[in-house]
Protein chains: 2
Amino acid sequence: MSTESSVELKLQDHLAPVLELLQKQQIVESLTQRQEQVDNNALVENLVHRQHEVALRRKLTQLQAADLAHLLEMLPMDQRTLVWQLVDEKRAARTLAELNDAALSSLIRVTPQERLMQILPLIDLDDLPELADFIPDDLLAAVKTGLEAQERQWLEQTLQYPEDRVGNLMSREALQISGAATVDEAIKYVQQCQSIPEQTDKLFIVEGKRTLTGVVPLSALLRHEGRQKLSEVMDSDVVRFQPEEEAESAAYAFERYDLISAPVVDDRNRILGRLTVETMMDYLRESQESLALANQGLSARADLFAPVWHNARNRWFWLGLNLVTAFIATRFIALFESTIENLVALATLMPIVASIGGNTGHQTATLMIRSLSLDQIQRSNLPVAFAKELGVSLINGIIWGTVMGCLAALFYQNIQLGLVMLVAVLLNLVLAAIFGLLTPLTVDRLGKDPAMGTSVILTFVTDSMGFFLFLGLATLWL
Amino acid sequence: MSTESSVELKLQDHLAPVLELLQKQQIVESLTQRQEQVDNNALVENLVHRQHEVALRRKLTQLQAADLAHLLEMLPMDQRTLVWQLVDEKRAARTLAELNDAALSSLIRVTPQERLMQILPLIDLDDLPELADFIPDDLLAAVKTGLEAQERQWLEQTLQYPEDRVGNLMSREALQISGAATVDEAIKYVQQCQSIPEQTDKLFIVEGKRTLTGVVPLSALLRHEGRQKLSEVMDSDVVRFQPEEEAESAAYAFERYDLISAPVVDDRNRILGRLTVETMMDYLRESQESLALANQGLSARADLFAPVWHNARNRWFWLGLNLVTAFIATRFIALFESTIENLVALATLMPIVASIGGNTGHQTATLMIRSLSLDQIQRSNLPVAFAKELGVSLINGIIWGTVMGCLAALFYQNIQLGLVMLVAVLLNLVLAAIFGLLTPLTVDRLGKDPAMGTSVILTFVTDSMGFFLFLGLATLWL
């Protein structure tokens, strides 16, 4: 692989010298700190320090905004702040829009108010809505006052929509032209635009001021007779979105119909803005990431490099919740302490029943979550899915229950104990399959992402029931 | 929300009548089956059946390939087969490329060989590599013989690369033109192309036969003087890929640099093919899905609607693995059975220690997996991450260990038991943090996805150690 033609390598090539300089910088800094007393030395170090700073600053200007954001994300807090200070306001504005939530919130926290007030007005208006949550209210208000009336109106309109709606993600600029114009006129229009918005693959064709009637791909402009009217060459079967729609379903539509850009319209079909595949791809990635984190009770602002105390508190709710569910689950054990006293082998074997239940439940839930998120579950096919999963859990319960039952009987020379094991495993697998389907389904019906919280609930059910079934059967039969 | 302007609704509108027809169809079919004896009745039913079939076939032709694929994915096996039979070969070929792995493998299994041999040659050459794994070897060979020499060579070249490499995902067609041509000549070239490949946003500029020197966006063709040479207006800082590169890092590059299409070149910079944002988005989605499934020991071909027996076997490896780890973890309990006999409360409390450890470990691992997949972990910042996570686990261990210790001491009126609880929770949290970082890191260093298998290993460690620490300390101190 030659170095110059690989993006990954290119990025590494850019970042490696920066990281190296940062390490030198840090050594210098720790030296200067230690030697504050020795004035002569400090003077020398200070010079060295400046030299590195110049080299570092030069390296940083060579990075694209997206790469700079990536660099900032991978730095520990002190170095992150150092690099951030060296970036000029214009590039800082572009970089903010590329940062992940964790790095973004940490950097906004450490940026002095005056500098922030220089950076914020330079942010692209299209990027402001997704950053708004992170900007202190007074500063956001100041930014708004700085905008032209039309821009301010647009910003306030998009901020109305929550983060997971199309309206929050749309961008303002779109090439629009009347269907009465000819192909030649459209080409002239494109030529005269001051700048073409990113990811423009088509013109939106409008009637009157902004009523959408169709689209014409840029490539079609090149391939039609110059005198033809746009209304004759346009495609009028347009995939369009409304601002209240869920961003996730819009992203799926982009995937399904291989879109690059698409119009956002109001309920009278007037163009409000434009969605691009770039925004949709970013949205999908970010929402999947925050879901993975949320499933472990972590906020999207969590970060391996955040301050310890901040990070510890971030996890309290989840740890507390886990302790409560674990505590309740083990109360089922406490019910049977006298049974355990009689046969202590039960204490050894019971976690196996709980564990295999949790496992099966998570398998079923994962399949269910996928089907739900792909919109494959309907009232008509749900009973089929239920029947199939019950069948699977019965088969596997009989097979693996028998295996574990034999092992338990052999290990403890106790055939009844083996029978208890078999029946407990079988019943817990069936319960796990039922809850594995029901939990994501219920969460989904409540309007949340079906993966959200499923793990906690499932683990709680399969643990409690694993302990209860196994110890309960043992009390009855042994 | 008006019906016509929402994609989601549009899709539902299309699919709902089809689902309804299918239900009628099924009722008719079950009737005909039951009444096979009564010939007169059967004749009538047969007519009704045909009527529905016509209606169904008409509805199906109105669906786009992507929507048809979606419909097939959500149908139980019998209806899936029924619909599939009604689709003509040409649309079937386009639909295959849009199906997920589970539906794809099930449909290829049920399609008669002759029909498959009619469908396969109609598949777009660019889609064949990702379908190849699912096509029986003899049929694939037959398809290859049917290709022109150049096409066959291209197919064999892309099939060389594994699924997760750029070479497997690139498409063949790209608009290429010499840098010596003028803008006007380029426009003429675009006009004369028989068809423009999907997602073409730029021309690739070549020197000699196919050496890449730059790119010119289509919109730039419209905006430059017709007499200018392409080599003067082109952008020569091109993000390009090599066929051996990992598809995942290419997908990140598409995201980072907001690409729509990009050239794939060999190590002498000669154009081999083209990547598009559509392919990259599909790849990302599919690889994330199969990872989520793989983490529960499920294959990407698993499906809630697959036959029960097939599905049950699919899960055996995972259930077996889980039983083995659970069995070994509980052997740590067996070591201390005599301690438990003396104080049966230990059996009740021990799952709490294991559970809170598993929880913390998964939190740390999730953050680590995110950082690894975003390429944020370097030798230089790893120690920082370690130190921070250890700090977090110490703080949380002391706080929640104390809470649980107090609860245990109160519940069982035993202060020493509380102390054992505190220390066991604290130590298990620290171990969980260490293994939460080390496990994904090790898996990543082994060249696998860091999320792969992390959950099994972590649960095993935190369970075993939770039992061992708690019961071991109890044996020493009580």
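Per chain, residues are indexed from 1 in the order of the written sequence. Each chain takes a letter, starting from A, and each ligand takes a number, starting from 1, following the order in which they are written. For a predicted model such as this one, the threshold for reporting local features is a pLDDT of at least 70, and the threshold for listing and counting side-chain atom pairs is 80 or more; totals across whole chains, interfaces and linings nevertheless cover every residue. Hydrogens and waters are ignored; side-chain quantities use all the structure's heavy atoms.

### A short note on the interface of chain A and chain B
Piece 1. With 137 residues of chain A at the interface, the matching set in chain B holds 137 residues.
Piece 2. Between chain A and chain B, roughly 12700 Å² of surface is buried when both sides are summed, and carbon and sulfur atoms account for 61% of that area.
Piece 3. Salt bridge, as used here, is a side-chain nitrogen of Lys or Arg placed within 4 Å of a carboxyl oxygen of Asp or Glu. Taken together, the links from chain A to chain B amount to six salt bridges.
Piece 4. Polar contact is the term for a pair of N or O atoms within 3.5 Å; when the atoms are in protein, one must be able to donate a hydrogen and the other to accept it, and sequence-neighboring residues count only if both atoms are side-chain atoms. Where chain A touches chain B, the interface holds 36 residue pairs in polar contact (both at pLDDT 80 or more).
Piece 5. Strands here mean DSSP runs of E at least two residues long; helices mean DSSP runs of H or I at least four residues long; both are numbered from the N terminus. Considering every element that reaches the side of chain A that touches chain B, the biggest residue donor is helix 20 (residues 345-373) of chain A, with 18 residues.
Piece 6. Each residue belonging to the side of chain A that touches chain B can be placed in one class, and the counts come to 74 nonpolar, 37 polar and 26 charged. We call two residues in contact whenever any of their non-hydrogen atoms come within 4.5 Å of each other. Summed over both partners, the accessible surface that disappears when two parts come together, traced with a 1.4 Å probe, is what is meant by buried area. Ten residues, namely Ala, Val, Leu, Ile, Met, Phe, Trp, Tyr, Cys and Pro, are considered nonpolar, four, namely Asp, Glu, Lys and Arg, are considered charged, and the remaining ones, Gly among them, are considered polar.

### Observations concerning the sheet that holds strand 1 (residues 176-178) of chain A
All names here are of chain A.
Piece 1. Pairing is mixed across the open sheet formed by three strands, whose spatial order is 1-2-3. Edge strands, defined here as strands with exactly one partner in the open sheet, are strand 1 and strand 3 (211-217). Sheet twist, expressed as the average angle between the axes of neighbouring strands with direction ignored, equals 35°.
Piece 2. Where strand 2 (residues 202-207) meets strand 3, six bridges bridge the pair, whose relative direction is antiparallel. Across the sheet, residue I205 finds its bridge partner in strand 3, namely G214. Two strands are counted as paired when DSSP detects at least two bridges linking them. Angular values range over 0 to 180 degrees, each being the angle between N-to-C directions of two axes fitted as lines to C-alpha atoms, with helices fitted over their stretch in contact.

### Overview of the pairing of strand 5 (residues 271-276) of chain B
Residues and elements named next belong to chain B.
Piece 1. Within strand 5, six of the six residues are buried, which leaves the element mostly enclosed by the surrounding structure.
Piece 2. As defined by bridge partners, strand 4 (residues 261-265) adjoins strand 5 across five bridges and the pair is classed as antiparallel. Looking at the pairing, A262 lines up with L275 of strand 5. For every residue, the accessible area (1.4 Å probe, protein chains only) is compared with the maximum for its type, and the residue is labelled buried under 20%, exposed over 50%, or partly exposed between those bounds.

### Regarding the packing of helix 3 (residues 65-73) of chain B against helix 5 (residues 89-96) of chain B
Residues and elements named next belong to chain B.
Piece 1. The contact between helix 3 and helix 5 brings their axes to 8 Å, and the two run at 75°. Between helix 3 and helix 5, the crossing angle belongs to the class labelled roughly perpendicular. Of helix 5, the residues touching helix 3 (which contributes A65, L68, A69 and L72) are R91, R94 and T95. An angle below 35 degrees is read as roughly parallel, one above 145 as roughly antiparallel, one from 65 to 115 as roughly perpendicular, and any other as oblique.

### Quick look at the packing of aromatic side chains
All names here are of chain A.
Piece 1. Only Phe, Tyr and Trp rings are paired, with Trp represented by its six-membered ring, and only when their centres lie within 6.5 Å; those with planes under 30 degrees apart are stacked, over 60 edge-to-face, the remainder tilted. Counting across every chain of the model gives ten aromatic pairs over all chains.
Piece 2. Note on F241 and F254: the rings are 5.8 Å apart at their centroids and 15° apart in plane angle, and the pair reads as stacked. In this pair, F241 is assigned in the loop between helix 14 (230-233) and helix 15 (247-256) and F254 in helix 15, connecting sequence segments 13 residues apart. The two residues F241 and F254 agree in class, both being buried.
Piece 3. On the numbers, 5.9 Å between centres and 90° between planes, the contact of W309 with W316 is edge-to-face.
Piece 4. The class for W309 is partly exposed, based on a relative accessible area of 46%.

### With respect to the nonpolar core
Piece 1. The set of buried Ala, Val, Leu, Ile, Met, Phe, Trp, Tyr and Cys residues whose side-chain atoms join them within 4.5 Å is what this entry labels a nonpolar core. The biggest cluster of nonpolar side chains holds 130 residues, and the ones touching the most others in it are L71, F241 and L275 of chain A together with L71, F241 and L275 of chain B.
Piece 2. Aside from chain neighbours lying at most four places away, what touches L275 of chain A is V166, L169, M170, F241, A250, F254, I260, S261, A262, V264 and M280 of chain A.
Piece 3. Core analysis: the second largest hydrophobic core is formed by 65 residues, W400 and M421 of chain A together with A347 and L469 of chain B among them.

### Topic: the relation of the copies chain A and chain B
Piece 1. Superposition of the copies used a least-squares fit over C-alpha atoms from residues whose pLDDT is at least 70 in both. The two copies are related by a screw operation: chain A maps onto chain B through 180° of rotation and 0.0 Å of translation along the axis, at an RMSD of 0.1 Å. As the rotation angle and translation indicate, the two copies are arranged about a two-fold axis.

### Thoughts on the pattern of salt bridges
Piece 1. Taken as a whole and judged by the stated rule, the model has 19 salt bridges over all chains.
Piece 2. With its nearest N and O atoms 2.8 Å apart, the salt bridge here joins E255 of chain B to R285 of chain A. Here the residue E255 of chain B occupies a position in helix 15 (residues 247-256), and R285 of chain A occupies one in helix 16 (residues 277-294), the pair thus bridging two chains.
Piece 3. By relative accessible area, E255 of chain B is classed as buried at 12%.
Piece 4. Between D201 of chain B and K202 of chain B there is a salt bridge, and its shortest N-O distance comes to 3.4 Å.

### Observations concerning the domain arrangement of chain A
Residues and elements named next belong to chain A.
Piece 1. Start and end positions for the domains come from either an automated domain assignment or a database one. As assigned here, chain A comprises domain 1 (3-162), domain 2 (176-292) and domain 3 (315-477).
Piece 2. The interface is formed by four residues belonging to domain 1 together with four residues belonging to domain 2.
Piece 3. Across the domain 1 to domain 2 interface the summed buried area is about 330 Å²; carbon plus sulfur atoms make up 41%.
Piece 4. Taken together, the connections running from domain 1 to domain 2 amount to zero salt bridges.
Piece 5. There are zero residue pairs in polar contact (both at pLDDT 80 or more) connecting domain 1 and domain 2.
Piece 6. Taken together, the residues of the side of domain 1 that touches domain 2 break down into two nonpolar, one polar and one charged.

### So, the environment of I328 of chain B
Piece 1. Along the chain, I328 of chain B falls in helix 18 (residues 316-334).
Piece 2. Between the C-alpha atom of I328 of chain B and that of D463 of chain B, which follows or precedes it by 135 residues, the distance is 9.9 Å.

### Quick look at the sheet that holds strand 1 (residues 176-178) of chain B
Strand-to-strand pairing in sheets goes through backbone hydrogen bonds, with the strands running parallel or antiparallel.
Residues and elements named next belong to chain B.
Piece 1. Read from one edge to the other, the open sheet built from three strands follows the order 1-2-3, with strand pairing classed as mixed. Edge positions in the open sheet fall to strand 1 and strand 3 (211-217), since each of these has one partner strand only. Neighbour-to-neighbour, the strand axes of the sheet open up by a mean angle of 35°, direction not taken into account.
Piece 2. Where strand 1 lies against strand 2 (residues 202-207), three bridges are found, and the strand directions are parallel. Counted as the bridge partner of I177 is I205 from strand 2.

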